[in-house]
Amino acid sequence: MQEAIILVGGKGTRLRPLTNHTPKPLLNVAGSSFIRHQIAKLMDAGVEHVVFATSYLASLFEEEFKDFSQELKISYAVETVPLGTGGAIRNAARLLRGPVDAPVLILNGDILSGLDLRDVLERHTAREADVTLHLTRVSDPRAFGLVPTDESGRVLSFLEKPKTQEECVTDQINAGCYVFRRSVLDSIPTGREVSVEQETFPGLVAEGRRVYGHTTDDYWRDLGTPLAFVHGSADLVTGRATSPLVARSGEALIHPTAAVDPTARVTGGSTIGPHAVIGPRVIVDRSIIGGNVRVAEGAQIHESVVDHDSSIGSESFLREAVVGCHAHVGAQNELPAQLRLSCGIRIPAQGVRVSGTAVACPTVH
Ligand code: GTP
């Protein structure tokens, strides 16, 4: 029986306020929670038992899957105190049922990738590896820890983020998907916080264990930041990234209960959630619009997320913004890039503008 662990216990701080009430893997991308896309992919690869390593808002995962009736066993390893990535893997390993030598797939709960999981499992077994890591290449490695390998793919070391060009000895980085020989999981210490990247992997290499990299040029994106999150969702809708749950690619994924005015343009892989209302001449490009959101006439929303039950006033302009749930942006606002509006916040008409106020000062001097 092929088994997998998915790490889903992180707080997702970089995606606040979206993650205030919803753990990152349960946020909606391309019409389904992200974790459901991952589960569908794991089932396609023959996985029959998944252990969720949960901590932050743990009960919401059981809620999400309480009616899940497909051919997959789901177990929950709940951490009362977050144990870090390595500690979480060790804690979840107690619930595995397979033999000691069996390969166990381990995924971060926020990585969208085109990796062929059957292929990486086969390579792991053929090499008799202790651990196989999926590695991806990045154009600017300075923001990542690096993983150089030799010609056979064996990992040489795990390097901290390089500070200079000379320290960029490779463009390969850890892509957040691993195969572990089950017995190797037992060597991770219990009962305390452990980082798999900073402690477990370097330790295994130092001990001379068979740690291999599997480097691919497949689609890969870490959905941890707001911009990556909207881009990942849009890529699933347009077909640049694939998921068994997205049957047809297109310019937009509009829920059948949403009302989109015929003069509105919804493009770039945008998603429009249930019961949302998109008014006349609105532009929604490469964005995620949640359920029950109302966007009034002439507003423009680019590369942004508007969470459920919020409203955007007429002629307002958003780019790279995150609007929390139940928020209201009045008419003729112009929000600067990277702005995050907390849940429930209300901005009056013309309250925030980048290009100067639209009307004379209303204060009596
Ligand atoms: P940020 O707070 O925005 O950095 O997000 P995050 O909390 O998700 O952290 P990060 O992106 O580094 O985590 C990578 C993966 O590991 C995600 O899928 C997290 O859910 C998961 N993760 C991180 N820390 C823990 C932990 O302590 N326990 C468990 N179970 N999972 C964790």
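Residues numbered from 1 in each chain as written. Predicted model: local features only at pLDDT ≥ 70, side-chain atom pairs only at ≥ 80, totals over all residues. Heavy atoms only, no water.

> Tell me what's going on with the sheet that holds strand β17 (residues 283-285), and back it up with residues and numbers.
Strand order across the open sheet formed by 5 strands is β14-β17-β20-β23-β26, with parallel pairing between neighbours. Across the chains shown, the open sheet's two edge strands, defined by having one partner strand only, are β14 (265-267) and β26 (334-335). Of the strand pairs in this sheet, β17 and strand β20 (residues 300-302) are connected by 3 bridges, and their pairing is parallel. Paired with Ile283 across the strands is Gln300, a residue of β20. (Pairing = 2+ DSSP bridges. Helix = DSSP H or I, 4+ residues; strand = E, 2+ residues; numbered from the N terminus.)

> I'd like a description of the nonpolar core, backed by residues and values.
Inside soluble globular proteins, nonpolar side chains tend to come together where they are buried. Within the largest apolar cluster, 28 residues are counted, with the highest numbers of intra-cluster contacts made by Ile5, Leu133, Phe180 and Leu185. Contributions of two or more residues to this core are made by β1 (2-7), β4 (47-54), α3 (84-93), β6 (103-108), β8 (131-137), β9 (172-181), α5 (182-185) and α6 (196-206). With 4 residues, α3 is the largest single contributor of residues to this core. Beyond its immediate stretch of four places on either side in the chain, Leu133 contacts Val155, Phe158, Asn174, Cys177, Tyr178, Phe201, Val211, Tyr212, Gly213 and His214. (Core = buried A, V, L, I, M, F, W, Y, C linked by side-chain atoms within 4.5 Å. Buried < 20%, exposed > 50% of the residue type's maximum accessible area, 1.4 Å probe, protein only. Contact = heavy atoms within 4.5 Å.)

> Requested: an account of the pattern of salt bridges, with residues and values cited.
On inspection of all chains with the given rule, the structure shows 19 salt bridges. Between Asp101 and Arg181 there is a salt bridge; the shortest N-O distance is 3.3 Å. Remark: Arg181 occurs in strand β9 and Asp101 occurs in the loop between α3 and β6; sequence separation between them is 80 residues. Asp101 gets classed as exposed once you look at its relative accessible area, which sits at 51%. The exposure class assigned to Arg181 is buried, which follows from its relative accessible area of 19%. (Salt bridge = Lys/Arg side-chain N within 4 Å of Asp/Glu carboxyl O.)

As far as function goes, none of this settles anything; it's purely spatial.
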